[in-house]
Amino acid sequence: MEYAGVIFLLVIGEKDSWPNKRRVYERYGLYDGLKDIGEIVKSEVGDKVQKMIRLLEELDSLRNQTKL
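Student: Would you explain the packing of aromatic side chains in this entry?
Tutor: The geometry of an aromatic ring pair is captured by two quantities: the separation of the ring centres and the angle between the planes. Tallied over the entire structure, the rule returns two aromatic pairs. Summarising the aromatic geometry, the rings of W18 and Y31 are spaced 6.3 Å apart at their centres and angled 45° between planes, so their arrangement reads as tilted. You can see W18 sitting in the loop between α1 (2–12) and α2 (19–27) and its partner Y31 sitting in helix α3 (residues 31–65), a full 13 residues away along the chain.

Student: Whenever I open this one, the pattern of salt bridges confuses me. Can you help?
Tutor: Should the charged atoms of two oppositely charged side chains come close, the side chains can pair. The full count for this structure, using the stated rule, is three salt bridges. Residue E26 is joined to R22 by a salt bridge in which the shortest nitrogen-to-oxygen separation is 3.1 Å. Placement of the pair is E26 and R22 together in helix α2, with a separation of four residues, close to one helical turn. Exposure remark for R22: the relative accessible area of 25% places this residue in the partly exposed category. Here D60 ties to R63 by a salt bridge, and the two come within 3.5 Å at their closest N and O atoms. In this pair, D60 and R63 are both assigned in helix α3, three residues apart and thus about one turn of the helix distant.

Student: What should I look at first to understand the nonpolar core in this one?
Tutor: Where a protein is soluble and globular, its nonpolar side chains tend to be buried together. Counting 10 residues, the largest nonpolar core is built from V6, I7, L10, V11, W18, Y25, Y31, L34, V49 and I53. Of all the elements in the fold, those that place two or more residues in this core are α1 and α3.

Student: Before we go on, may I ask you to explain α3 in this structure?
Tutor: Owing to its 3.6 residues per turn, the α-helix brings residues three or four apart onto one side. With 35 residues, α3 extends only 39 Å from end C-alpha to end C-alpha; this falls clearly short of the ideal 51 Å at 1.5 Å per step. At V45, α3 shows its strongest bend, of approximately 80°. For α3, the elements touching its buried residues are α1 and α2.

About the criteria used
- Residues numbered from 1 in each chain as written.
- Predicted model: local features only at pLDDT ≥ 70, side-chain atom pairs only at ≥ 80, totals over all residues.
- Heavy atoms only, no water.
- Phe/Tyr/Trp six-rings, centres within 6.5 Å; stacked < 30°, edge-to-face > 60°.
- Helix = DSSP H or I, 4+ residues; strand = E, 2+ residues; numbered from the N terminus.
- Salt bridge = Lys/Arg side-chain N within 4 Å of Asp/Glu carboxyl O.
- Buried < 20%, exposed > 50% of the residue type's maximum accessible area, 1.4 Å probe, protein only.
- Core = buried A, V, L, I, M, F, W, Y, C linked by side-chain atoms within 4.5 Å.
- Expected span 1.5 Å × (residues − 1).
- Bend = angle between axes of the 7 residues up to and from the residue.
- Contact = heavy atoms within 4.5 Å.

Structural data, given as C-alpha cells:
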C-alpha cells in the first residue's frame, strides 16, 4: 500500500516532501523501479492527473477567497 502512495507522489511531481523515505527506497534499490512505474502511470493518465491538480488548486483558491 505504501508503494502506491509513493507512485502517486511521483506521478503528481511531488519529490520534496518525503526526502527521508526517498533515501530509504534509494538505499534498498527500490526508488528507480517505483519511479519507472510512476512514469508509466503518468504517460497513461497524465492528462487526468494534471486536471486533478488544477481542480485542487482552484478549490484551494476558492477556499482562500472565502476567508475574507
